[in-house]
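Coordinate inspection notes
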Amino acid sequence: MTAKLLWTPRARSDIKKIYIDIGRNQPASAERYLQRFRSRVELLIAHPRLGERHPEIFPSVRMLVEAPYVILYEITPDADGRDVEIIEIVRVVDGRRDLKALF
């Protein structure tokens with residue numbers, strides 16, 4: 001079974017803000033980042049456990065890095081040995097931020 005990929009409204013807002021902020025001065029770079037985010041997230045459909053767990057940020061969050069940004073996501077169910085049904089992108093933020101403060 002293929003996992004369903006979902007984006008929270010906050011994650012969609014994060015992507016839009018990153019795109020706009022970069023695009024003001026570097027439109028081509030903004031397009032490249034958008035494509036890299038999409039490609040990275042699409043990897044999760046085949047490999048939902050690709051990102052490492054980070055319980056110090058939030059108990060169920062996993063992280064993919066697209067430097068300097070991080071893609072924070074959760075999987076359901078989050079149990080080893082079970083098929084993942086849902087992958088939810090929770091936030092896309094600058095990895096240099098205090099990530100614990102996000103949750």
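In short, a report on the structure. Remember, it's a predicted structure, so these values are computed and weren't measured experimentally.

What counts, and where the lines are drawn
Residues numbered from 1 in each chain as written. Predicted model: local features only at pLDDT ≥ 70, side-chain atom pairs only at ≥ 80, totals over all residues. Heavy atoms only, no water. Pairing = 2+ DSSP bridges. Helix = DSSP H or I, 4+ residues; strand = E, 2+ residues; numbered from the N terminus. Contact = heavy atoms within 4.5 Å. Axes fitted to C-alpha atoms, helices over the stretch in contact; angles between N-to-C directions. Salt bridge = Lys/Arg side-chain N within 4 Å of Asp/Glu carboxyl O. Buried < 20%, exposed > 50% of the residue type's maximum accessible area, 1.4 Å probe, protein only.

**Points about the sheet that holds strand E4 (residues 69-76)**
- In spatial order, the strands read E1-E5-E4-E3-E2; together these 5 strands make up an open sheet with mixed pairing. At either end of the open sheet lies a strand with only one pairing partner, and these are strand E1 (4-7) and strand E2 (52-53).
- Pairing of E2 with strand E3 (residues 62-66) involves 2 bridges; the strand directions are antiparallel. Residue pairing across strands places arginine 53 opposite arginine 62, the latter belonging to E3.
- Each of E1, E4 and strand E5 (86-94) is contacted by helix H1 (residues 9-23), which is oriented at about 35° to E5, the strand it contacts most.
- Lying on the sheet, helix H2 (residues 27-46) is in contact with E1, E3, E4 and E5; it crosses E3 at an angle near 145°.

**Describing the pattern of salt bridges**
- Applying the stated criterion across every chain yields a total of 9 salt bridges.
- One salt bridge connects aspartate 14 with arginine 10, and the closest N-O pair in it is separated by 3.6 Å. Separated by 4 residues within a single helix, aspartate 14 and arginine 10 lie in helix H1, roughly one turn from each other.
- The class of arginine 10 is partly exposed, set by a relative accessible area of 49%.
- For glutamate 66, the salt bridge goes to arginine 36, with nearest N and O atoms at 2.8 Å. Within this pair, whereas glutamate 66 is found in strand E3, its partner arginine 36 is found in helix H2, the two being separated by 30 residues in sequence.

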